[in-house]
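Each chain, letter by letter, is given below.
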Amino acid sequence: MSNFPYLLLNESICKENIRRMAAKAQAHGLALRPHFKTHQSRVIGSWFRQNGVSSITVSSLKMAEYFAEDGWNDITIAFPLNPHELDAVNALAKRITLNVVFSSAANLLKSVNQLSSPAGIFIEVDVGHNRSGVDPENTREIALMVNQIESNSTLKFKGFLSHAGHTYKARSTDEVLKIHRESLSKLTILKTFWKESHPDIMVSYGDTPSCSIADEFWGVDEIRPGNFVFYDVMQSLIGSCKTNDIAVALILPVVDICQSRREALVHCGAIHLSKESITLPNGETSFGLVCGFNGDTWGNPLEECYVKSLSQEHGVISFTNDFPFKIGDLVAILPIHSCLTVDLMGEIKLSDGSTIQTMRQHAF
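This section reports on the structure supplied with the text. What you see as residue numbers is a count from 1 along each chain, following the sequence as written. Only residues with pLDDT of 70 or above have their local features reported here, since the model is predicted, and side-chain atom pairs are shown and tallied only from 80 upward, although totals for entire chains, interfaces and linings are computed over all residues. To get the side-chain values, take all heavy atoms of the structure and skip hydrogens and water.

On to the packing of aromatic side chains. Aromatic ring pairs are reported here in terms of the distance separating the ring centres and the angle at which the planes meet. Pairing of aromatic rings covers Phe, Tyr and the six-membered ring of Trp, with a centre-to-centre limit of 6.5 Å; geometry is then stacked below 30 degrees between planes, edge-to-face above 60, and tilted otherwise. In total, this model carries 10 aromatic pairs according to the counting rule given. Judged by centre distance (4.7 Å) and plane angle (25°), the ring pair of Phe319 and Phe323 falls under stacked. Here the two residues Phe319 and Phe323 agree in accessibility, since each one is buried. Between Phe323 and Phe325 the ring centres are 5.2 Å apart and the planes differ by 75°, which places this aromatic pair in the edge-to-face class. Each of the two residues, Phe323 as well as Phe325, counts as buried. Cluster of aromatic residues (ring-pair linked, three or more members): Phe36, Phe48, Tyr66, Phe67, Trp72 and Phe228. For a ring to carry a charge above it, either NZ of a lysine or CZ of an arginine must fall within 6 Å of the ring centroid while also lying within 35 degrees of the normal to the ring plane. For the cation-ring pair, Lys15 lies above Trp47, with the distance from its terminal atom to the ring centre recorded as 4.8 Å. Here the term buried applies to any residue with accessible area under 20% of the maximum for its type, exposed to any over 50%, and partly exposed to those in between, with areas from a 1.4 Å probe on protein chains only.

In structure tokens:
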């Protein structure tokens, strides 16, 4: 492997992450509809099939088309419907079981009457993330949306979809569980109100911290975590996983070392890792944790050694103790946010030298 940096996947860790989440969903009587935006790979998608998964979540119409071509026939696009994509949505809904999402009455009224193929419809509810979705207490707007959905005979109102994304700002499992309980409380009230008139109504819920940590999912019918397939440094900081549950690392060379500044220059920039960061206990900003690499896999993160800054192609590692690498040595960086790193890299390598392609290599 001579092209650096590259993204390396530990296949056994990844498959164990999938197995564990599938088993958890089954134990709680939940459908698992994993979000495929993290891995964006048909090969990794097949590992989910091996664990009984038959329905998936995606973040875009193109991603839905990509996985539909691989035989996935039950897909939810968990992004508010874009009116510029109506023709393509109608075409895809003729081929597969497709669920789409509306995030407000305005978003719905723009497109609902132009959906001409059978589709399931979820109303997105904002349980505190404040990104998109209807306030669950705004019963008037929700009632208007339900009435408009049901006025189109080709559509089926499926229920309510939510993403408690504010768990990503939590820094302890207690914080995650507090957000989780508050979210479920709002969703349960909403489901109870609508269940009498709509007995089959569903609540679709999901974020990796909640789904990894919580053991109560009252009122929820399906979960949609995505990041858990790889995890990352952010998730380990939240408490969703341990560091040894992280399944991907960026492999890259040390190209220079400045002992006077106690810094090393590596070929690893924002176009590889993104500029997602965390705040370390010492108050410093980190764009990734540094690990040794033996040519096959990576070790544990080094103490007081982290990526302190990124530009387009440059990465600067800060170290306090003696830097255990020489110029030309390969090191591994655990990403802060694996979803963005995978999307930026577009290709994943296994330790045997084989390559897994992602959606970015696919010609639409």
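Take the sheet that holds strand E8 (residues 202–205) next. Sheets are built from strands that pair by backbone hydrogen bonding, the pairs being arranged parallel or antiparallel. When DSSP finds at least two bridges between two strands, those strands are taken to pair. Working definition: helices are DSSP H or I runs of at least four residues, strands are E runs of at least two. Numbering for both runs from the N terminus. Strand order across the open sheet formed by eight strands is E2-E9-E8-E7-E6-E5-E4-E3, with parallel pairing between neighbours. Taken across any chain shown, the strands that pair with only one partner, and hence form the sheet edges, are strand E2 (31–32) and strand E3 (56–58). Relative to strand E7 (residues 155–162), strand E6 (residues 119–124) runs parallel, the two being bridged by six bridges. Each bridged residue has a counterpart across the sheet, and for Phe122 the counterpart in E7 is Gly159. Helix-sheet contacts for helix H3 (residues 61–68) involve E3 and strand E4 (74–80), and the interaxial angle to E4 is about 170°. Contacts are assigned to residue pairs with any non-hydrogen atoms lying within 4.5 Å of each other. Angles run from 0 to 180 degrees between N-to-C directions of axes, and those axes are lines fitted to C-alpha atoms, restricted for helices to the stretch in contact.

A separate point is empty space enclosed by the protein. Every definition here rests on a 1 Å grid over the protein atoms only: cavities are sets of points where a 1.4 Å probe fits but cannot get out, pockets are open sets enclosed by protein on both sides within 12 Å along at least five of seven lines, and lining residues have some atom within 4 Å of a point. Grid points are joined across faces, edges and corners, and a volume is the space filled by probe spheres set on the points. All told, the structure shown has one cavity of 30 Å³ or more when counted by the stated rule. In this structure, the largest cavity occupies an estimated 40 Å³ of space. Looking at the largest cavity, the residues that line it are Glu124, Val125, Asp126, Val127, His129, Arg131, Ser132, Ser162 and His163.

A separate point is the pairing of strand E1 (residues 6–9). Because side chains alternate across E1, one face comprises the buried residues Tyr6 and Leu8, and the other comprises Leu7 and Leu9, equally buried. In terms of strand pairing, E1 meets strand E10 (residues 248–258) through four bridges, oriented antiparallel. Paired with Leu9 across the strands is Val248, a residue of E10. Pairing geometry for E1 and strand E18 (residues 347–350), over three bridges, is parallel. For Leu7, the partnering residue across the bridge sits in E18 and is Ile348.

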